[in-house]
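Coordinates in review
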Amino acid sequence: NAGVTQTPKFRVLKTGQSMTLLCAQDMNHEYMYWYRQDPGMGLRLIHYSVGEGTTAKGEVPDGYNVSRLKKQNFLLGLESAAPSQTSVYFCASSPRKNIQYFGAGTRLSVL
Amino acid sequence: RKEVEQDPGPFNVPEGATVAFNCTYSNSASQSFFWYRQDCRKEPKLLMSVYSSGNEDGRFTAQLNRASQYISLLIRDSKLSDSATYLCVVNIFSDGTSYGKLTFGQGTILTVHP
């Protein structure tokens, strides 16, 4: 039972570098989300998707882009990483509009 | 004002104690409510949904007061394994859509000691 799988689990970037975080779910869920979690801030929604080929901005979308070319995958891109993007990133998916299932997270440090 | 506010704690309680967490939300359009649990350096996992009539799952009881925009979680007979961060989560529907976005509180840290 893979559920929601995030890759990579850890990454260190230098300022200005780019990278893509991959989220894959095998539960045939329609909705997928990207969050970041910072100390004292809780989880904040970056972008989300309500179906294949659709994406929408969340609470903190600046500096990130996303794509949902296949239903099972939701990619989060950082075009030019900044130290402020140091965080733990969680992907989640949902079969309905309520309960969400999370991946194990990606710990990203931008130096 | 944050949309979902929780007392961050930490709450330190002995095994067997009863502990209660509170949460308030600011948007009266909120429609669904949950408690998630997050262990250290792990992902959040659904603990239970919260209904207006109140609901119970073993040692856990959740209550919702829509008039006061207040949610609570009660844990009875605390176990060491209950040590975690408890996240209050609210689903707010907006713009007439059928899709709601979850808004998370910052979490309440619970440590249960022997």
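First, a word on what this report is: a plain description of the structure on this page. Keep in mind it's a predicted model, so treat the numbers as computed, not measured. (Residues numbered from 1 in each chain as written. Chains lettered and ligands numbered in written order. Predicted model: local features only at pLDDT ≥ 70, side-chain atom pairs only at ≥ 80, totals over all residues. Heavy atoms only, no water.)

Our focus in this paragraph is the overall build of chain B. Along its length, chain B carries 0 helices and 11 strands. Taken from the N to the C terminus, the helices and strands of chain B come in the order β-β-β-β-β-β-β-β-β-β-β. Expected size for 114 residues packed as a compact globule is a radius of gyration near 13 Å; at 14 Å, chain B falls within 12% of this value. If one aligns the C-alpha atoms of chain B with their principal axes, the spans along those axes are about 50 × 30 × 25 Å. When burial is assessed residue by residue, chain B has 46% of its 114 residues classed as buried. Within chain B, contacts between residues separated by at least 24 positions form 58% of all contacts whose residues are at least 6 apart in sequence. Approximately 5,500 Å² of chain B is accessible, and the part contributed by carbon and sulfur atoms is 48%. Both charge centroids of chain B, one from 11 positive and one from 11 negative side chains, sit 3 Å from each other. (Helix = DSSP H or I, 4+ residues; strand = E, 2+ residues; numbered from the N terminus. Rg over C-alpha atoms; globule rule 2.2 N^0.38 Å. Buried < 20%, exposed > 50% of the residue type's maximum accessible area, 1.4 Å probe, protein only. Contact = heavy atoms within 4.5 Å. Areas by Shrake-Rupley, 256 points an atom, 1.4 Å probe, with all protein chains shown as cover. Lys, Arg positive; Asp, Glu negative; His and termini not counted. Charge placed at Lys NZ, Arg CZ, Asp CG, Glu CD.)

We now examine the side chain of A:His29. Residues and elements named next belong to chain A. Positionally, His29 belongs in the loop between strand 3 (19–25) and strand 4 (31–38). Engagement of the side chain of His29 in a polar contact is seen with the backbone nitrogen of Ser94, the distance being 3.4 Å. In this structure, His29 is in contact with Arg68, Lys71, Ser93, Ser94, Pro95 and Tyr101, ignoring residues within four places of it in sequence. (Polar contact = N/O pair within 3.5 Å; in protein donor to acceptor, adjacent residues only side chain to side chain.)

It is worth spelling out the sheet that holds strand 7 (residues 60–65) of chain B at this point. All names here are of chain B. Here we have 5 strands laid out as an open sheet, ordered 1-3-8-7-6, and antiparallel in their pairing. At either margin of the open sheet sits one strand with a lone partner, and together these are strand 1 (4–6) and strand 6 (55–57). Strand-to-strand twist in this sheet, taken as the mean axis angle between neighbours without regard to direction, amounts to 20°. Relative to strand 8 (residues 70–75), strand 3 (residues 19–25) is paired through 6 bridges, and the arrangement is antiparallel. (Pairing = 2+ DSSP bridges. Axes fitted to C-alpha atoms, helices over the stretch in contact; angles between N-to-C directions.)

The next point concerns the interface of chain B and chain A. With 21 residues of chain B at the contact, the number on the chain A side is 21 residues. Of the roughly 1,700 Å² buried between chain B and chain A on both sides combined, carbon and sulfur atoms contribute 57%. The interface formed by chain B and chain A holds 2 residue pairs in polar contact (both at pLDDT 80 or more) in total. Breaking the side of chain B that touches chain A down by element, the ones donating at least two residues are strand 4 (30–38), strand 5 (44–50), strand 9 (84–93) and strand 10 (100–104) of chain B. Of the residues belonging to the side of chain B that touches chain A, the class tally is 9 nonpolar, 7 polar and 5 charged. (Buried area = accessible area lost by both parts, 1.4 Å probe. Nonpolar A, V, L, I, M, F, W, Y, C, P; charged D, E, K, R; others polar.)

Moving on to the environment of A:Met27. Residue and element names in this part refer to chain A. As for its placement among the helices and strands, Met27 is situated in the loop between strand 3 and strand 4. Separated by 23 residues in the primary sequence, Met27 and Val4 have C-alpha atoms spaced 8.1 Å apart. Excluding residues that lie within four positions of it along the chain, Met27 makes contacts with Gly3, Val4, Ser93 and Tyr101.

Residues and elements named next belong to chain A. Under the criterion given, the structure shown has 2 disulfides over all chains. Here Cys23 pairs with Cys91 through a disulfide, and the sulfurs are 1.9 Å apart. One disulfide, between Cys23 and Cys91, carries an S-S torsion of -75° and so falls in the left-handed class. Taken together, the residues span a long stretch of sequence, with Cys23 in strand 3 and Cys91 in strand 9 (residues 87–94) at a distance of 68 residues. No difference in accessibility class separates Cys23 from Cys91, as the two residues are buried. (Disulfide = S-S within 2.5 Å.)

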